[in-house]
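Chain residues, written in single-letter form:
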Amino acid sequence: MPEAIITAEGLGIRFVRNRRRQLRLRELVIHRGVRRAEAGRFWPLRDVSFQVMPGDTVGVIGRNGTGKSTLLRLIAGVLIPDEGRITVRGAVAPLLELSAGFSNDLTGRENLHLVGALHGLSPAYLRRHCDEIVDFAGEQVARAIDTPVRHYSSGMKVRLGFAIISRLPHPILLMDEVTAVGDAEFRRKCYATIDGLLAEGRTLVLVSHNENDLTRFCNRGLYLDGGRLTVDGTVHEALDAYHAAVPR
Ligand SMILES: Nc1ncnc2c1ncn2[C@@H]1O[C@H](COP(=O)(O)OP(=O)(O)OP(=O)(O)O)[C@@H](O)[C@H]1O
């Protein structure tokens, strides 16, 4: 029996809401401005347990604000749980917030080398594949590749980010909304790339509200409701739970 590649055990994280909110007049008068330690704290995700096996393709489904992106960030290691444990056995390619790692003052080409290296691609690999990566990002990016990224549109940054991160050989892909990565033509290239990566046996965790994407890429579904995992089954079972909560 192969070992799980992702294991969540009683996973929970606590956030603070409205950290910078101004005290209301009533709070100033009644509590003399002293807030209780627990005030504003909440659990966007709690008591979540599941396993993902190598090669599984898992859709994370739920209404807005139910903890889906928080779960992806916990798997990526960007957030640390306050309760329970998340164990990830393998490197993660985070196809999330694709333009987040870019330095605005550097050119697209410089960012390509920097971000690629930060994710573990060797300088030799990046030199060899630089043209292909830029080609993949499209003509508009290719024309501006030696211009500082601050002059790029958000779509251009996302396309360059996807072109770099999708090159990583990592076994686990995390993705937030495939359809958010550009126009129709670029999306077609992304779908083909993801199909190719999944055919190689990579593991996918995809957060999406798009039913076509979920049924196209995922065989399993996790349905989150108010930060709790209430369905761990096929993608169709998870979608049924979603539709019961949000009628079409
Ligand atoms: N850094 C943060 N600090 C405080 N609260 C946060 C933070 N990030 C997210 N939240 C809150 O935590 C809850 C879960 O957010 P999360 O982004 O995980 O939801 P989601 O299911 O991905 O939502 P959506 O479908 O809208 O993208 C929400 O109430 C959100 O407002």
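Our structure is the block above this text.
Residues numbered from 1 in each chain as written. Predicted model: local features only at pLDDT ≥ 70, side-chain atom pairs only at ≥ 80, totals over all residues. Heavy atoms only, no water.

Caption draft 1: A look at the environment of Leu112. Residue placement: Leu112 occurs in helix α3 (residues 108-118). With sequence-adjacent residues up to four places away left out, Leu112 is seen in contact with Leu126, Cys130, Ile133, Val134, Leu160 and Ile164. (Helix = DSSP H or I, 4+ residues; strand = E, 2+ residues; numbered from the N terminus. Contact = heavy atoms within 4.5 Å.)

Caption draft 2: Region of the structure containing helix α4 (residues 123-137). The largest bend in α4 comes to about 55°, at His129. The complete set of buried residues in α4 reads Tyr125, Leu126, His129, Cys130, Ile133, Val134, Phe136 and Ala137. Tucked inside the fold, the buried residues of α4 contact α3, α5 (139-143), α6 (154-165) and α7 (184-199). Positive phi appears at Gly138, one or two residues downstream of α4, with a value of about 105°. (Bend = angle between axes of the 7 residues up to and from the residue. Buried < 20%, exposed > 50% of the residue type's maximum accessible area, 1.4 Å probe, protein only.)

Caption draft 3: Structural detail: the sheet that holds strand β9 (residues 228-234). Strand order in the open sheet made by the six strands is β5-β6-β7-β3-β8-β9, with mixed pairing throughout. For this open sheet the edge positions go to β5 (92-95) and β9, each flanked by a neighbour on one side alone. On average, each strand axis in the sheet is tilted by 15° relative to the strand beside it, whichever way the strands run. With four bridges connecting them, strand β3 (residues 57-61) and strand β8 (residues 220-225) associate as parallel partners. When the sheet's bridge partners are listed, Val60 is paired in β8 with Leu222. Contacts from helix α2 (residues 68-76) reach β3, β5, β6 (172-176), β7 (203-207) and β8, with the element oriented near 150° to β6. Where helix α9 (residues 235-245) meets the sheet, it contacts β3, β8 and β9, and its direction lies at approximately 135° from that of β9. (Pairing = 2+ DSSP bridges. Axes fitted to C-alpha atoms, helices over the stretch in contact; angles between N-to-C directions.)

Caption draft 4: Here's a closer look at the pattern of salt bridges. Here the structure, examined in full by the defined rule, presents 14 salt bridges. The partner of Glu132 in a salt bridge is Arg167, with the nearest N and O atoms 2.8 Å apart. Note that Glu132 is positioned in helix α4 and Arg167 in the loop between α6 and β6, a separation of 35 residues in sequence. Among the ionic contacts, a cluster of salt bridges with common partners joins Asp56, Arg220 and Asp232. (Salt bridge = Lys/Arg side-chain N within 4 Å of Asp/Glu carboxyl O.)

Caption draft 5: Geometry of the nonpolar core. One finds Leu160, Phe162 and Phe217 to be the most contacted residues of the largest nonpolar core, which totals 49 residues. For Phe217, the contacting residues outside a window of four places in its chain are Thr57, Val178, Tyr191, Ile194, Asp195, Leu198, Leu204 and Leu206. Ranked by size, the runner-up nonpolar core spans 26 residues in total, among them Ala8, Ile13, Leu74 and Val207. (Core = buried A, V, L, I, M, F, W, Y, C linked by side-chain atoms within 4.5 Å.)

Caption draft 6: Up close: the packing of α3 against α6. At a minimum axis distance of 10 Å, the contact between α3 and α6 shows a crossing angle of 40°. Between α3 and α6, the angle is such that the two are oblique. Two packed elements cross with a definite hand, and for α3 against α6 that hand is right-handed. The residues of α6 that touch α3, namely those facing Gly108, Asn111, Leu112, Val115 and Gly116, are Leu160, Ile164 and Ile165. A class-by-class count of the residues in the contact of α3 with α6 yields five nonpolar, three polar and no charged. (Parallel < 35°, antiparallel > 145°, perpendicular 65-115°, else oblique. Left-handed = near helix turned anticlockwise from the far one by under 90°. Nonpolar A, V, L, I, M, F, W, Y, C, P; charged D, E, K, R; others polar.)

Coordinates in, geometry out; function isn't part of it.
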